[in-house]
Amino acid sequence: MTPEAARKRSVWQVVILTTAFLIIVAVTGLSLLLTQQLREENKYVVRSFEIQREILKIQLEMRRAESSVRSFLLSGSTDALQKYEESIGEIPQILAELRGLSGADPGQLDAGNRLQTAIANQLIKFEDAIRIGKAAFAANPALARPDIPDEPTISQVREISTKLFDEETRDLQENIASADNTQRLVSRAAIAGALLVLLLAGFSAHLIRRSLRARDYAAAQLRHSNDDLEIAVAERTADLQEANHEIQRFAYIVSHDLRAPLVNIMGFTTELEQLHGTMVQRLGVLAGLEGKPDGAAPSLAEKDKQLATDFLEATGFIRSSVEKMDRLISAILRMTREGRREFTPEAVSLKELMESIVTTLAHQVSQADATVIIRDLPTIASDRLSLEQIFSNLLENALKYLKPDVPGLIEVRGGSRPGYVIIEVIDNGCGIALKDHQRIFDLFRRAGKQDKPGQGIGLAHARALVRKLGGALTVESQLDKGSTFTITLPTELPQIGPR
Amino acid sequence: MTSTAVEIVMIEDDEGHALLIERNIRRAGINNSITHCANGASALNYLLGADGAGTLHKGRALLVLLDLNLPDMMGYDVLELIKKHDVLRRMPVVILTTTSNSEEINRCYELGCNVYLTKPVNSDSFADAIRQIGLFFSVIQVPRIIT
């Protein structure tokens, strides 16, 4: 990754981590806040219940007082008066509790005052009633009734309900305390959890940063060594190309200089043959034979005929050797001419190229009773003419060197890699022995059974071309087990140095 | 050539080639005189004369057969000198050489050669080709040298 991208990525990392951190803090803070609020609200709930309880207590005492007053007015009983005194004795305490629970709330304070005033008014009324009653009973003692003792059931009810009430109050206190505790634990757990998450996140972020930094470093190293490698390769390629050019110039000059004597040999061989014809005629004349009416050579004695035949046989051999030499020199010339030709790179669809070559070789394909399969092949930018020559050569070879009794199967397949393509030409023919794998690429050299025509030029030429295009040509084969020729070519024709 | 007065000047260093060429031209029925120069210097000397004026052959028609691979100089130097010479430049120059390199061919035509022929090597081609050339010569019109 480029330094620019690495920095951007760093910034993103920081942003994401900070956001995550803030979120965790916010969530924890919120949960703490809400827990706290819950506690407060619980307290309010409890207090409301307590206020309600005090109010009920006041109502109860007021009722009791009222009932006691009525009881006194009915019976003049001193018990009733006593109960009345007890009841109103409780009231100030309860009022004080109520005031304490209300706190500073002005509304509640106001209500409390009004309640107190109302109670006070009612108590005055009670006092008035009692005074009137007392006076009435003092004036007329016969009105008094005997005290009715309390039913034991009433006191039982009172006792049990009071006990239950107290128990509930105790339970309430315990529950409040326990709820408080739980809420405190929740807060602590939330804080602990948040801290743990933050810790782990920070740690993993650190680990990731470290491994990414290591990877970036390795990538930079690789880029560096790649650049160095490219420079070294470019230098070597330039050197090789220079050497290649020199060899080609040399080959070109040499083949021309070799041709001149060949002209002489061939020309004078023809002269010899013509002289031979003349000599045969002279021989015939000297031997006293006449020329045939149609101008053909006179018939000679057997020995002389033999001489004539031997002579022509000799010139025949000279002739065929010269022709062969000329073929070889032409082949070299052609190769060097190809080598000097400028490449014109263009986009070449290898599949189309192969198919057109196979069409051109249709006759050989049917003669060899072979099947040629062309798979999907990539497109490359290279010199079309060179590619045609290389692959025509390989396919012709594949068709030539099949096994006589096995129908030929030739497959061409290939694929892309970054920067270059690989094409394989696979056949099920007679194969090439391991010891001959280098030999087949040598100029004018062949291998295996010499039962097919050829000069031993094709593969040498193909390999030279492939090299010039910046690629490589190799073979994998075993005798009798077919061959696979692998061509590697760059996807883009490499820049060639000045000639 | 309408007149047997046309002289063929053959500039060829290889004796074998010279002989073969002469024989086969003769076989085509050409009876004109053939002058053989074995190197560039002697050829230029013969054509231009010692003073280089080229007046040596005033009034005569010359046809030059030139090989490019001469021992002492390049054939196209001879070509250039001929074609740049005031007096001799209209003389037909037929290049007959082993080279078939397109660069060479272009260069020779650029310098003004009249015809470029490649010596064939295979079988009877050489003899046939020279005979054809001879026949061809027999129908060429060659200008006279004027000063």
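Each value, and the rule that gives it
- Residues numbered from 1 in each chain as written.
- Chains lettered and ligands numbered in written order.
- Predicted model: local features only at pLDDT ≥ 70, side-chain atom pairs only at ≥ 80, totals over all residues.
- Heavy atoms only, no water.
- Axes fitted to C-alpha atoms, helices over the stretch in contact; angles between N-to-C directions.
- Helix = DSSP H or I, 4+ residues; strand = E, 2+ residues; numbered from the N terminus.
- Parallel < 35°, antiparallel > 145°, perpendicular 65-115°, else oblique.
- Left-handed = near helix turned anticlockwise from the far one by under 90°.
- Contact = heavy atoms within 4.5 Å.
- Nonpolar A, V, L, I, M, F, W, Y, C, P; charged D, E, K, R; others polar.
- Buried < 20%, exposed > 50% of the residue type's maximum accessible area, 1.4 Å probe, protein only.
- Pairing = 2+ DSSP bridges.
- Right-handed = clockwise from strand over helix to strand, strands pointing away.
- Salt bridge = Lys/Arg side-chain N within 4 Å of Asp/Glu carboxyl O.

**A look at the packing of helix α1 (residues 3-75) of chain A against helix α3 (residues 106-139) of chain A**
Residues and elements named next belong to chain A. At their nearest, the axes of α1 and α3 sit 9 Å apart, and the two run at 15° to each other. The angle between α1 and α3 places the two elements in the roughly parallel class. In this structure, α1 meets α3 at a crossing whose hand is left-handed. Seen from α1, the contacting residues are R47, I51, I58, M62, A65, E66, V69, F72, L73, L74 and S75; seen from α3, they are Q108, L115, I119, Q122, F126, A129, I130, G133, K134 and F137. The residue inventory of the contact of α1 with α3, partitioned by class, reads 14 nonpolar, 4 polar and 3 charged.

**A short note on the pairing of strand β3 (residues 62-66) of chain B**
Residues and elements named next belong to chain B. Burial analysis of β3 places 5 of its 5 residues in the buried class, the great majority of the element. Of the two faces of β3, the one lined by L62, V64 and L66 and the one lined by L63 and L65 are each fully buried. Two strands pair when backbone bridges link them, and strand β1 (residues 7-11) and β3 are joined in this way by 5 bridges, in the parallel orientation. From the neighbouring strand, I8 faces β3, where its bridge partner is L63. Examined bridge by bridge, β3 and strand β4 (residues 93-97) share 3 bridges and lie parallel to one another. Note on β4: the bridge partner recorded for L65 is V94. You can see the chain leave β3, run along helix α3 (residues 75-84) and come back into β4, and the turn it takes is right-handed.

**As for the pattern of salt bridges**
All names here are of chain A. Per the stated rule, a full pass over the model turns up 27 salt bridges over all chains. Salt-bridge contacts for R9 lead to D216; the nearest nitrogen and oxygen are separated by 3.2 Å. Taken as a pair, R9 in helix α1 and D216 in helix α4 (residues 152-286) lie far apart in primary sequence, 207 residues in all. With its nearest N and O atoms 2.9 Å apart, the salt bridge here joins R375 to E411. Here the residue R375 occupies a position in the loop between β2 (370-374) and β3 (379-383), and E411 occupies one in strand β4 (residues 408-417), the gap between them amounting to 36 residues. By relative accessible area, R375 is classed as partly exposed at 40%. Residues joined in a network through salt bridges with shared partners are R375, E411, R413 and E424.

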